Amino acid sequence: MRVIDVAAKGYIDIPGVSAGETSGGFSIQMWVRPSGKGGVIWYWGEGGPLLVMMNNGGLELRVGVLKLLAPGAMTMGRWTHVAVEFAADGAAAIFIDGIRAAAGTLPKLGATPSIRVGDQGSPSLALADVRLLARVRSAGERAPSAEPQGLLAHYAGQLDGTSVRDAGPLQRHGQLAGGGQAVEDVELDVLRSPSPGAVVWDEKPDVLELPPVTTDFTGGITVEAWIRPRKAADPVLFALGGPDSFNVRLRMGDGTLVVEFVAKTGPTAIKVPGVVRADEWQHLCVSVDGGGMFRAFVDGRTVHEQQVAAPAVARDGVRTGGTIGEEFLGEVAELRVWQGGRSLEDVRALWLRRARGDEPSLVYCYHLDTLAEGWAIDAGPRRQHARPMGQLTWGDGVGAPLRALSDARRVHVRAAGKLLLDELPVSLFPTKTIEVGLGGWGDVGLKVPTAQEYGTVKGSLVRCAVYEVSIEPRTAGGSKLAGEVEVRVDAPVSVVRSDGGVQRLEAWKPGVPVKVVVSEGVARACGCSPPSRSIARRCGCARPGWTPTAGPWCARPTGRSGSWRASARRR
């Protein structure tokens, strides 16, 4: 996507709007990436509203002595979608990444001869997809990926010299002052893509069953999720099993959040009324740290703090599992469980993004963007996949402001496969050297074949269990990824590659990227560790469908063309 990098002390002046254009309401939307702390985002003109980023990342919409404050809305170096709306009756609101962050009443908006984006006293910032729009927006129109309707002006990153071109119908071209340039930004293409999906609960018997977990939560526990509950249900959103349980309940009648758990001093119940909204996407997060400080966060804001006793130790070292969505009706996306408490800053850093799965202290990480062959895949390091019960289905998560993976270099893969037996030449497998004693003559190194470690050797062939996986790298937007890719695995695997026409066996290790030239060849992989689990199952690549590479396979473009196929094996 084209963006405009405005130099420090630079700004863009764009033509203003008339009283007739603002009389029915007005909205201004844009993507902003600040490079420093503080500074003016835009300025309406003499006596009009002013949007300012504070040194602490908060946004203030000021009109004279009146102001609206959206705390912690922006982070230096990170793209944020900012929308400000003015209704005809004087109501005003700030939306951050599609979520209402502040609302109140300000003087009615009038005409202005010009609007200035940036300021001579501000640090540099990048801007993209700046829109001036008639009237306030509906919920769907506020989504960062929404197509513009009712355009008065649209600045889509096109520069002609210092002229900032208006792609809208009225051709209200602006003027860049103080230096800047138009560049491509791949990250924004990822952030603007629609939500990857959510799991839908339509019947009360629908539930996700969690496997037993041995994690020690005496240092605290945090549970967070994106949800859109229906008003008719009073569900248990998350339940961690006994003997010492941790439950998050929703009481939809009055919007109460209820957290129940066994503390060191006995059972504890905390009720936070009026914070859960029916039929709306919202981010809920509850956290108890090792000192017993309980915090509840909604949409990146603290709504409740209370001192309680710390969580108790699981008496036998194992919790018996648990559930997600017991008697729940609605949609859930991206449920995460962390070991330890989380601060407001921790929550805000990731609440609008899908986790990779390898973040420190992450216990469970269910993207819930698909159901893979009878499992909800855990992208976290423990691979504690949850079993769907009932009639759970996959939905597209319309309106969810949740973005794609936080690492914009990653791509999606389309995977399909089945378990079968295959035969590979013994010559492909390496030899290893063992020390053989020769009595008083010392030891000698002897090379021996390793083929029998992968399967049954029959003459010149090795018969192996193979999980065939066809992988087509694609961008987050769905287009095919042409070129060389870097592939990462999350467990050691031996890979038989045939790209380039010559078969060879390689050892791939976690954390070490491997370049694969995408071609018409076939690559096959067999899992070496752990021997008890299929690498394909650990990948979450068990069925056709979009699967984020935050699981075991991670890929990013490096530059050539073709396609790549692989098959993951287990021993």
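Residues numbered from 1 in each chain as written. Predicted model: local features only at pLDDT ≥ 70, side-chain atom pairs only at ≥ 80, totals over all residues. Heavy atoms only, no water.

### Overview of the overall build of the protein chain
Moving on, step 1. A count of helical and extended segments in the protein chain gives 5 helices and 44 strands.
Moving on, step 2. Expressed as a percentage of the 571 residues in the protein chain, the buried residues total 53%.
Moving on, step 3. The long-range fraction of contacts in the protein chain, counting pairs at least 24 apart against all pairs at least 6 apart in sequence, stands at 68%.
Moving on, step 4. Entry remark: accessible area of the protein chain is about 23100 Å², with carbon and sulfur atoms responsible for 52%. (Helix = DSSP H or I, 4+ residues; strand = E, 2+ residues; numbered from the N terminus. Buried < 20%, exposed > 50% of the residue type's maximum accessible area, 1.4 Å probe, protein only. Contact = heavy atoms within 4.5 Å. Areas by Shrake-Rupley, 256 points an atom, 1.4 Å probe, with all protein chains shown as cover.)

### Describing the sheet that holds strand 23 (residues 266–272)
Moving on, step 1. Taken together, the 7 strands give an open sheet; going across it, the order is 23-22-21-20-27-18-30, and neighbouring strands pair in antiparallel fashion. Among the strands making up the open sheet, the edge pair consists of strand 23 and strand 30 (387–389). Ignoring which end each strand starts from, the neighbouring axes of this sheet average 15 degrees apart.
Moving on, step 2. Where strand 18 (residues 207–210) and strand 30 come together, 3 bridges link them in antiparallel fashion. Across the sheet, Glu 209 pairs through a bridge with Arg 387, a residue of strand 30. (Pairing = 2+ DSSP bridges. Axes fitted to C-alpha atoms, helices over the stretch in contact; angles between N-to-C directions.)

### What to know about the environment of Glu 345
Moving on, step 1. The residue Glu 345 is located in helix 4 (residues 344–350) in this model.
Moving on, step 2. In the structure, Glu 345 is positioned 273 residues away from Gly 72 in sequence and 8.4 Å away in space, judged by C-alpha atoms.

### Concerning the pairing of strand 1 (residues 2–6)
Residues in a regular strand point their side chains to alternate faces of the sheet.
Moving on, step 1. Relative to strand 16 (residues 180–184), strand 1 is paired through 5 bridges, and the arrangement is antiparallel. Across the sheet, Asp 5 pairs through a bridge with Gln 181, a residue of strand 16.
Moving on, step 2. For strand 1 and strand 12 (residues 125–134), the ladder comprises 3 bridges, and the chain directions are antiparallel. Residue pairing for strand 12: Asp 5 is matched across the bridge by Ala 126.

### Thoughts on the confidence of the model for the protein chain
Moving on, step 1. Confidence in the prediction for the protein chain averages 78 pLDDT; 75% of positions are at 70 or higher.
Moving on, step 2. Every residue in residues 406–418 scores below 50 in pLDDT, and together they form 63 contacts with partners more than four places removed in sequence or on other chains.
Moving on, step 3. Within the model, the stretch residues 520–571 combines pLDDT values under 50 with 204 contacts to residues more than four positions away or in other chains. (pLDDT = per-residue confidence, 0-100.)

### Things to note about the packing of aromatic side chains
Moving on, step 1. Taken as a whole and assessed by the stated rule, the structure comprises 5 aromatic pairs.
Moving on, step 2. Taking the centre distance of 5.7 Å and the plane angle of 10 degrees together, the rings of Trp 226 and Trp 351 count as stacked. In this pair, Trp 226 sits in strand 19 (residues 220–229) while Trp 351 sits in the loop between helix 4 and strand 29 (362–366), placing the two residues 125 residues apart along the sequence. (Phe/Tyr/Trp six-rings, centres within 6.5 Å; stacked < 30°, edge-to-face > 60°.)

### Some details on the environment of Ala 91
Moving on, step 1. Topologically, Ala 91 is positioned in strand 9 (residues 91–96).
Moving on, step 2. Given a relative accessible area of 30%, Ala 91 falls into the partly exposed group.
Moving on, step 3. Distance from Ala 91 to Leu 106, taken between C-alpha atoms, is 6.3 Å for residues 15 residues apart in sequence.
Moving on, step 4. Apart from the residues within four sequence positions on either side, Ala 91 is in contact with Glu 85, Phe 86, Gly 104 and Thr 105.

### Focus: the nonpolar core
Moving on, step 1. Residues Phe 238, Phe 246 and Leu 257 are the most contacted members of the largest nonpolar core, which totals 45 residues.
Moving on, step 2. Counting 42 residues, the second largest nonpolar core, distinct from the first, contains Trp 42, Ala 70, Ala 73 and Val 82. (Core = buried A, V, L, I, M, F, W, Y, C linked by side-chain atoms within 4.5 Å.)

### Description of the side chain of Thr 268
Moving on, step 1. Position of Thr 268 among the secondary structure elements: in strand 23.
Moving on, step 2. Of the polar contacts made by the side chain of Thr 268, one reaches the backbone oxygen of Gly 266; its length is 3.4 Å. (Polar contact = N/O pair within 3.5 Å; in protein donor to acceptor, adjacent residues only side chain to side chain.)

### Remarks on the environment of Leu 352
Moving on, step 1. Summarising the element assignment, Leu 352 is placed in the loop between helix 4 and strand 29.
Moving on, step 2. Residue Leu 352 is classed as buried on the basis of its relative accessible area, which comes to 2%.
Moving on, step 3. With 253 residues separating them in the primary sequence, Leu 352 and Ile 99 have C-alpha atoms 9.9 Å apart.

### Some details on unusual backbone geometry
Moving on, step 1. The phi torsion at Asp 129 lies on the positive side, around 50 degrees, for a residue other than glycine.
Moving on, step 2. Residue placement: Asp 129 occurs in strand 12.
Moving on, step 3. Classification of Asp 129 by relative accessible area gives buried; the value is 4%.
Moving on, step 4. Residues other than glycine seldom take positive phi values, yet Ser 361 does so here, at roughly 70 degrees.
Moving on, step 5. With respect to the secondary-structure elements, Ser 361 resides in the loop between helix 4 and strand 29.

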